[in-house]
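Structural characterization, general
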Amino acid sequence: MGELSELFAPERIAVVGATDREGSVGDAIMRNLLDSFAGEVVPVNPSRESVFGRTALDSVGEADADLAVVVVPPDVAVDVVREAGETGIKNVVVITAGFGETGSDGAAREQELIDVATEYDINLVGPNSLGIMSTPVGMNATFGPEDATPGRMSFMSQSGAFITAVLDWANDQGIGFKDVVSLGNEAVLDESDFISAWGDDAETDVIIGYLEGIDDGQKFIETAREVTAETPIVLVKSGRTDAGAQAASSHTGTIAGSDEAYETGLEQAGVIRAESVQGLFDAARVLESQPLPAKDGVAIVTNAGGPGVMTTDAIGDSRLSMASFEDATLDAFSEALPPEGNIYNPVDVVGDADNERFREALDVALADENVGSGLVLACPTAVLDYEGLAEDAAALQEKHDKPVAACLMGGKRVKRAAETLSAAGIPNYFDPARAVGGLDALAEFRDISVREYEAPRTFEVDRERAREILSSVERRADTRLGVEAMGLLDAYGIETPAGGIADAPVDALEIAEDIDGDVVMKIVSPDILHKSDIGGVKIGVANEDVIDAYEDLVSRARNYQPDATIIGVQVQEAVDLDEGVETIVGMNRDPQFGPLLLFGLGGIFVETLEDTAFRVAPVSESEAEAMTREIDSAPLLRGARGRDPVDIAGVIETIERLSQLVTDFPAILELDINPLVATPDGVEAVDVRLTVDPEKL
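Here goes a summary of the coordinates provided.

A few words on the packing of aromatic side chains. The final tally for this structure, using the stated rule, is 11 aromatic pairs. Aromatic side chains F155 and F162 sit 6.2 Å apart centroid to centroid with 65 degrees between the ring planes, which places their arrangement in the edge-to-face category. Accessibility classification places F155 together with F162 in one group, the buried group. Measuring from ring centre to ring centre gives 6.3 Å for Y492 and F665, while their planes differ by 70 degrees; the resulting arrangement is edge-to-face. Note that Y492 is positioned in the loop between α18 (486-491) and β21 (499-502) and F665 in the loop between α24 (648-664) and β28 (668-679), a separation of 173 residues in sequence.

And the structure:
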């Protein structure tokens, strides 16, 4: 299991702060370990001669342990971990609270803990952790009230209380685990480390977790992508973080909240995100025990019309589809079912169906080449034996090697049948929608497991010019840049219309005379973000009108906001919007995942329609291309209602170049190119705004 293998399979555990004082954490951990741990438990407590009849050692240095579980007060814990490191103990779980979660003093103490763990190369869980479990060695090194049932899921949580609740419920449901980790403050080991370890673990079939945040989003994506080629990851992600102090300064920042970053990052990582604890285990149980479907078509075999319709609706809401049966299958159903039955999907075997009719119908359905998975849906009747139906479903699942979910509806009479199904790896659900959700997770993971991730393209750019433009904020009170930073796009090869910025009417005329045809003129001010709203944009200005237009734009800006900083007026080549589509390409820097790219329909409707797609940068060419397909207005780009398709390749390359720009410069907190006008002949960035953190330049 890689470098964390000894953490979950120690032979000798030292409990530092061990006691038999009832109600204490040290007492609970000792009781849990002594109850079932296959190895040796050594109590460490200099104030006691013995604990639970075992000689208590004065220090962890005397323990010769593979794992130290630390329960002493926080002001002592760091010294204990240091002594563990000095004596060669490489695995430590710090149960103790009173670190980063408690304020500045605790944060300083936690940093000291990190320094000690780094110095001695210690695998440290916590602090502020419930502890860890591993069922193959009977290890319950937690102060929770429940042992885990053995199984092939490994489970991590950033909430210790959540673990205790889940274990209590899972034991009642017969759901088992291989390893369980309460992550605590994640001072050293975090979710990515455990994902990596469990991905290498032959005894872990599914990784599940409850997360409230991810410390290093980029590390998480890279790690999870490798693991999900073989091992599914299902997570519940709750809570929201502040998307950053500057988030409202751009369209992208307004639209891209932090949960959007998590949704995007988890999808790119190949993680299946569950919306609830119920959804977490619905997906995990079927992923743990069922084969992956070759096709998305689902066959429903039922004795009840109403629930069959409900299931059909649920399939319509998923990535799955209702399987279309081959002619031979329809002929077989016609022979097996009574005239009042339905041979089409969902297959209705009728309410008087006995076990033989149900079994034959399911056998016929699963044999069809168009069927990727099957769903047995039954309501109780006097002629149907649920336990026999469960046995038949298990036998036919094994025969056809296709995933099967069961929805045997009812109360007490379902219990023994559900146990039979569970023993065969087939979960039973009361709600048909949950059964469909389980099958949907299988199909989702099938697609994830065969993904190929390309490396992003690297373009030749002028980084020094870009750095010089970004550094201009160091000489300003405001860290926002507008069209005065168009050169930044030029430096990264993003096409812009001809033009420039004038700070006097005659300069504006000089720029206009170098441009063919009428020009567009815009006020340039970091304090005026929505120029159109104040009449700060003039379109189709002839040369003879440039000077008057300049003075009018400045006057409008002064009247709108007298204290605004007016840099000047941009004079720009006109772009034919009638032949193109206005799009937006943007970025908002998420605190966890880093640069979150946005692409969508642009112009004045961007915040109203929010027709957007997201990716965490850096992105590959295929990821950028996918962004252009995901928006609802994608047909406008590819030619709709007789229009010529725009230069999609140019749009894709612009997304990639922006991805490289914001990856190269972490100082860019947010950036909008709006509009990026896409025409059949190319793309041009007409306007830009961004916010820069000068301390990160």
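With that out of the way, let us pick up the sheet that holds strand β1 (residues 12-16). As summarised here, the arrangement of the five strands in space is β2-β1-β5-β6-β7, forming an open sheet in which the pairing is parallel. Since the sheet does not close on itself, it has two edges, and those belong to β2 (40-44) and β7 (123-125), each with one partner. Sheet twist, expressed as the average angle between the axes of neighbouring strands with direction ignored, equals 20 degrees. Where β1 meets β2, five bridges bridge the pair, whose relative direction is parallel. Across the sheet, A14 pairs through a bridge with V42, a residue of β2.

The next point concerns the sheet that holds β21. Read across the sheet, four strands follow the order β21-β24-β22-β23 without closing on themselves; strand pairing throughout is antiparallel. Strands with a single pairing partner mark the edges of an open sheet, and in this sheet they are β21 and β23 (537-541). Neighbour-to-neighbour, the strand axes of the sheet open up by a mean angle of 20 degrees, direction not taken into account. In this structure, strand β22 (residues 519-524) lies alongside strand β24 (residues 568-573), joined through six bridges in antiparallel fashion. In the strand pairing of β24, K522 is matched with Q570. Running over the sheet, helix α19 (residues 505-513) touches β21, β22 and β24 and is turned about 175 degrees from β21. Packing of helix α20 (residues 546-560) onto the sheet brings it into contact with β21, β22, β23 and β24, and relative to β22 it is tilted by some 30 degrees.

Here the focus is the environment of L4. Tracing the chain through its elements places L4 in the segment before α1 (5-8). Owing to a relative accessible area of 3%, L4 belongs among the buried residues under this scheme. As a C-alpha pair, L4 and L661 span 657 residues in sequence and 37 Å in three-dimensional space. Those residues in contact with L4 that sit more than four places away from it in its chain are N123, L189, D193, F194 and A197.

Our focus in this paragraph is α20. Its 15 residues give α20 an end-to-end C-alpha distance of 21 Å, which sits within 8% of 21 Å, the value for a rise of 1.5 Å per residue. When we look at burial in α20, the residues that qualify are V546, A549, Y550, L553, V554 and A557. In a view along the axis of α20, the buried residues occupy a sector of 130 degrees, so they form one face of it. For α20, the exposed residues set more than 90 degrees away from the buried face come down to D548 and N559. Considering only its buried residues, α20 is in contact with β21, α19, β22, β23 and β24.

On to the environment of S334. In this structure, S334 sits in helix α12 (residues 327-336). Separated by 252 residues in sequence, S334 and R82 have C-alpha atoms that sit 75 Å apart.

What follows covers unusual backbone geometry. Of the consecutive residues G126 and P127, the connecting peptide bond is found in the cis state with omega at -5 degrees. By secondary structure assignment, the location of P127 is in the loop between β7 and β8 (131-134). Cis geometry is adopted by the peptide bond preceding P675, which originates at N674 and carries an omega value of 5 degrees. Tracing the sequence through the fold places P675 in strand β28. Residues other than glycine seldom take positive phi values, yet D64 does so here, at roughly 50 degrees.

On to the pairing of strand β19 (residues 404-408). Two faces make up the sheet, and in a regular strand the side chains alternate between them. Of all five residues in β19, five are buried, a share of seventy percent or more. Side-chain alternation along β19 places V404, A406 and L408 on one buried face and A405 and C407 on a second face that is also buried. For strand β18 (residues 373-378) and β19, the ladder comprises five bridges, and the chain directions are parallel. The residue of β19 that forms the bridge with G374 is V404. With helix α14 (residues 386-400) bridging β18 and the parallel β19, this β-α-β connection has right-handed handedness.

Basis of the calculations
Residues numbered from 1 in each chain as written. Predicted model: local features only at pLDDT ≥ 70, side-chain atom pairs only at ≥ 80, totals over all residues. Heavy atoms only, no water. Phe/Tyr/Trp six-rings, centres within 6.5 Å; stacked < 30°, edge-to-face > 60°. Buried < 20%, exposed > 50% of the residue type's maximum accessible area, 1.4 Å probe, protein only. Helix = DSSP H or I, 4+ residues; strand = E, 2+ residues; numbered from the N terminus. Pairing = 2+ DSSP bridges. Axes fitted to C-alpha atoms, helices over the stretch in contact; angles between N-to-C directions. Contact = heavy atoms within 4.5 Å. Expected span 1.5 Å × (residues − 1). Arc of directions from axis to C-beta. Right-handed = clockwise from strand over helix to strand, strands pointing away.

So, to be careful, I would describe these as geometric facts and stop short of saying anything about function.
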